[in-house]
Amino acid sequence: MQLSKLIQNLPPYHFADAKRKIAERKAAGVDVINLSMGDPDLPAPTAVVECLCTAMQDVENHRYPEYGGMRALHEAIAAWFEQRFAVRLTPERDILPLLGSKEGLVYAGEAVLNAGDVALVPDPYYTVYVTASTTLGAQPYFLQLTEQNGYLPDLEHIPAEIVAKARILWLNYPNNPTAACAPREFFERVVTFAQRHNIVIIHDMAYAEVYFDDFRPTSILQIPGASDVAVELHSLSKTYNMAGFRAGMLLGNHELVDAVGRIKSNVDSGMFRPIQYAAIEALHLPPSWIQQRNAMYQRRRDLLAQGCNAMGMSTHSPKAGLYVWAHVPQGFTAREFASRLFDKTGVFVTPGSNFGAAGEGYIRISITTPEARIVTALERMKAIIEI
Ligand SMILES: Cc1ncc(COP(=O)(O)O)c(C=O)c1O
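Read on for a plain summary of the structure.

Attention now goes to the packing of helix α6 (residues 101-112) against helix α12 (residues 254-267). Between α6 and α12, the shortest axis-to-axis distance is 9 Å and the interhelical angle comes to 110°. Here α6 lies roughly perpendicular to α12, going by the angle between them. Taking contact as the criterion, the partners of Glu103, Tyr107, Ala108, Glu110, Ala111 and Val112 in α6 are, on α12, Leu256, Ala259, Val260, Ile263, Lys264 and Val267.

Set out below in structure tokens:
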């Protein structure tokens, strides 16, 4: 069969391949410890599950849902966002529920980019930003994120001819994979930059609600004027341990929100109503639910960060997000170390180079595994470093 150029140029999604490898090793009897994905291992809140089951019993909910989501869900999202970020969104205008935030990234790209445009992509990156750009014929221009620049892109030194062709800037804080966070002043600079150069900012905030100590991640929509140039994506996947539910949201610039809604209504038929009710239930949970859950993640983060530093795989202790971003031991590339670790010990981590050239020299380790398993994984890591 003759397939399209798009599909010929589309690489397999890394984690689809990773899941297959893990299944093979497990079938061969290996005790695999998967520290590769930001897939919460803890259950969704009980009240959410009960709400979903109750809503399933109502046969009215078995019919096609509203394309753009129920009014009650828009209102629950607006109330949640205002309570968390002190920003009032207009429920019907500035909010679009999504079947997970990943699809929103792709559709936002489709709504903004044309072939030949430039897409500004911080490197390392969540790979969807690149595929969502290149499949449309746009050219990614990579902005290096390094320890030296605090993992914040240097907007001042992008060549003028690139800025002139740039239509989109992908941003993601708390960042995957580096676990870096951006201060409010950075978002202020970004909004000014986007206004000056007529660039659309897509801020992916999938990790907004996994934070530690007294730190609270900033939303770009807290910056005055941001909604003229930016949209932000949030997700219930990491926020409420609801990754399998597929519930996310696009917020901010109403023209772009409307455009993505138009694409979606031509592609899918909306979010299953019981999931919408479950999402509303989650958004009504008290902040203490998030804090208790984050306290558990914080213990895991501490174990991993201390363990890596003790082995000479230096890392900073992240203020937010689901990952520890650690240097690989000397003498290995990221991929060599990750492969050796998996082959010899069954511990599966992600090489930083999977997230772009700037990720070379690092591995990304997820904290979505119980403490006892993290301890075992660290022991196995230590053993292969010492060989
Ligand atoms: C940076 C980033 N954005 C978006 C997503 C997708 O999240 P969702 O489950 O809402 O589609 C992920 C998932 O890992 C992610 O890491």
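Here we take up a nonpolar patch on the surface. On the surface, a cluster of nonpolar side chains totalling about 520 Å² of accessible area is made up of Met1, Leu3, Leu6, Ile7 and Leu10. Mapped onto the secondary structure, isoleucine 7 falls in helix α1 (residues 5-8).

In the vicinity of the ligand, 14 residues are found, and the nearest of them are Asp204, Tyr207, Ser235, Ser237 and Lys238. Between the ligand and the protein, one listed contact pairs an oxygen atom with a side-chain N or O atom of asparagine 176 at 2.8 Å. Notes on the ligand: free accessible area 400 Å², of which the protein chains cover 91%. Listed by contribution, the elements that provide at least two residues to the shell around the ligand are α6 and α11 (236-239). Along the lines of polarity and charge, the residues of the shell around the ligand split into 4 nonpolar, 6 polar and 4 charged.

Residue pairs spaced three or four apart in an α-helix point in one direction, given the helix's 3.6 residues per turn. Across its 12 residues, helix α3 (residues 46-57) extends 17 Å between first and last C-alpha, which sits within 8% of the 16 Å expected from 1.5 Å per residue. Regarding α3, the residues found buried are Val48, Cys51, Leu52 and Ala55. Take α3 and look down its axis: the buried residues cluster within an arc of 100°, on one side only. Residues of α3 that are exposed and angled more than 90 degrees away from the buried face: Thr46, Glu50, Thr54 and Gln57.

Reading the values: rules and limits
Residues numbered from 1 in each chain as written. Predicted model: local features only at pLDDT ≥ 70, side-chain atom pairs only at ≥ 80, totals over all residues. Heavy atoms only, no water. Axes fitted to C-alpha atoms, helices over the stretch in contact; angles between N-to-C directions. Helix = DSSP H or I, 4+ residues; strand = E, 2+ residues; numbered from the N terminus. Parallel < 35°, antiparallel > 145°, perpendicular 65-115°, else oblique. Contact = heavy atoms within 4.5 Å. Patch = residues over 30% accessible without salt bridge, like charges linked within 9 Å, V, L, I, M, F, W, Y side chains within 5 Å. Areas by Shrake-Rupley, 256 points an atom, 1.4 Å probe, with all protein chains shown as cover. Salt bridge = Lys/Arg side-chain N within 4 Å of Asp/Glu carboxyl O. Near = heavy atom within 4 Å. Polar contact = N/O pair within 3.5 Å; in protein donor to acceptor, adjacent residues only side chain to side chain. Nonpolar A, V, L, I, M, F, W, Y, C, P; charged D, E, K, R; others polar. Expected span 1.5 Å × (residues − 1). Buried < 20%, exposed > 50% of the residue type's maximum accessible area, 1.4 Å probe, protein only. Arc of directions from axis to C-beta.

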